[in-house]
Structure formats: C-alpha cells, structure tokens
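What the coordinates show
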Amino acid sequence: MERIAPAGVVTGLAWTPQGGDILFIEAGLMPGQGKLTITGQLGDVMKESAQIAHSLVRSRLPTLVPGFEHDKRDLHVHVPAGAIPKDGPSAGITMTTTIASLFSGRPVSPKLAMTGEITLRGAVMPVGGIKEKVIAAHRAGIERIILPKRNQKDLRDVPEEVKSQLKFDFVDTIEEVL
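Sequence order sets the numbering: in each chain, residues are counted from 1 along the sequence as written. Reporting of local features is limited, given that this is a predicted model, to residues whose pLDDT is at least 70; pairs of side-chain atoms are given and counted only at 80 or more, and all residues count toward the totals for whole chains, interfaces and linings. The basis for every side-chain value is the complete set of non-hydrogen atoms in the structure, without hydrogens or water.

**A look at helix α1 (residues 44–64)**
Stated formally: Secondary structure elements follow DSSP: runs of H or I of four or more residues count as helices, runs of E of two or more count as strands, with numbering from the N terminus. Expected helix span is given by 1.5 Å per residue-to-residue step, counting one fewer step than there are residues. Note that the bend at a residue is defined as the angle between axes fitted to the seven residues ending at it and the seven residues starting at it. Relative accessibility thresholds used throughout: buried, under 20% of the residue-type maximum; exposed, over 50%; partly exposed, between the two (1.4 Å probe, protein chains only). It only takes one pair of heavy atoms within 4.5 Å for two residues to be counted as in contact.
Relative to the 30 Å expected for 21 residues at 1.5 Å per residue, α1 spans 28 Å between its end C-alpha atoms, a close match to the ideal helical length. At Arg-58, α1 shows its maximal kink, close to 35 degrees; a proline, Pro-62, follows between one and four residues later. All buried positions along α1 are accounted for by Met-46, Ser-49, Ala-50, Ala-53, His-54, Leu-56, Val-57, Arg-60 and Leu-61. Turning to α1, the residues buried within the fold contact β3 (36–39), β4 (73–78), α2 (92–104), β6 (117–118) and α5 (174–177).

Given below as structure tokens:
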C-alpha cells in the first residue's frame, strides 16, 4: 500500500495465477486536444475498460467538475508493474475513479482498494477472484474495499480473520463508487 496517494492514483485489486495482488492505476493530464493514451502492458480488455472509464467521466464532467475543459487536455492512464502483462475485466471502477480523482483534484485514500467492471451506462458488474483479491488487500494493509454488490456472496469464501479487519462497500453503479 502507498502511504500517500496524490489525485489521479487509485489502488485496484487483481487476480493472478499465484493469487491476488494490488495494483496502482495512475493518470496524468497535459495540454492537448482530449486525446487518451493508455500504457502498462495492458491487454485488450483492460484497454477497453480505460476507454469506457474515460467516456464515463467525460459524460459526467459537468456534475463532477463544472467548467473542466476536457478538449484542451490529453489524458494518460498508466498501470505500472514493469513487463508483467495485465488483462481481465475487473479494473473498470478503479480506472474510472482514477480519472475522476485526477480531473477533480480530489485524492483517494491509499487505504482504499477496489475491483469491479463497468458498463458504458455506469453499471458495476461482478468480477472473479474475490477471495484472492481480498486476502491480497488485507496483506497489503488496505482497510476498506469497494466491491460489486453482486459479489457480496463471494465473501463467504474469505477467512473470517481477514474479513473482520476490513470494511466493505458494495455498489451497483459508478455514481455510488464516486
């Protein structure tokens, strides 16, 4: 877990063949024309999640950040982790939160992690690997986790000593996440 996270950095949860892990999604703005750049050894599914996240935040900008001039800034979304390929449908809410945090200038607590996929209309979809992701979050010092509401039943597989030390928020929409 990071000790301090500036606006535009959010902790996500990932499933790997070795178990769960945390990952950081970070974003930066620069002068430009509204272009999106996505980097970090991402597969097609995660690239699509980043594009949907960008569209979701842009469609909600007047409410989130009145007066933000998106068309005058380029956005760069990066998922650092060296040469480790990353893919899968579970980073949508993390990417959306990263972009919203950056655009609004509001940091997200480094003690909060999340997983869940999104649709273009802002619905939060369930994901796999909840047990592994929650255990990884606990191991990393995370205190609060946002999960899709439809994954609530998957917590039954998580050891009680892990669950008892975490706070969970279950969501159905991206508005609830933000």
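**Some words on the layout of surface pockets**
Condition: Method remark: on a 1 Å grid restricted to protein atoms, a set of points is classed as a cavity if a 1.4 Å probe fits but cannot get out and as a pocket if it is open with protein on both sides within 12 Å along at least five of seven lines; lining residues have an atom within 4 Å of a point. Grid points are joined across faces, edges and corners, and a volume is the space filled by probe spheres set on the points. Just so you know the grouping, Ala, Val, Leu, Ile, Met, Phe, Trp, Tyr, Cys and Pro go in nonpolar, Asp, Glu, Lys and Arg go in charged, and all remaining residues, Gly too, go in polar.
The calculated volume of the largest pocket comes to roughly 450 Å³. Along the walls of the largest pocket sit 24 residues, with Ala-14, Trp-15, Thr-16, Leu-23 and Lys-86 positioned nearest its centre. Listing elements by their share of the lining of the largest pocket, those giving two or more residues are β1 (9–16) and β2 (19–31). Volume-wise, the second largest pocket comes out at about 380 Å³. In this structure, the second largest pocket is lined by 17 residues; those nearest its centre are Thr-97, Arg-106, Val-108, Val-177 and Leu-178. For the lining of the second largest pocket, the secondary structure elements donating two or more residues are α2, β5 (112–114), β8 (144–148), β9 (167–171) and α5. Ranked by residues supplied to the lining of the second largest pocket, first place goes to α2 with four residues. Residue composition of the lining of the second largest pocket, grouped by class: 10 nonpolar, three polar and four charged.

**Describing the sheet that holds β9**
Within a beta sheet, neighbouring strands are joined by backbone hydrogen bonds and run either parallel or antiparallel to one another. In plain terms, the rule: Paired strands, in this sense, are two strands between which DSSP finds at least two bridges. Angular values range over 0 to 180 degrees, each being the angle between N-to-C directions of two axes fitted as lines to C-alpha atoms, with helices fitted over their stretch in contact.
Strand order in the open sheet formed by seven strands is β3-β4-β2-β1-β5-β8-β9, and the pairing between neighbours is mixed. Either end of the sheet is taken by a strand with one partner, and the two such strands are β3 and β9. Across the sheet, the mean angle separating the axes of adjacent strands is 25 degrees when strand polarity is ignored. Across four bridges, the pairing between β3 and β4 is parallel. When the bridges of β4 are listed, Thr-37 appears paired with His-76. In this fold α1 packs onto β3 and β4, with an angle of close to 150 degrees to the strand it touches most, β3.

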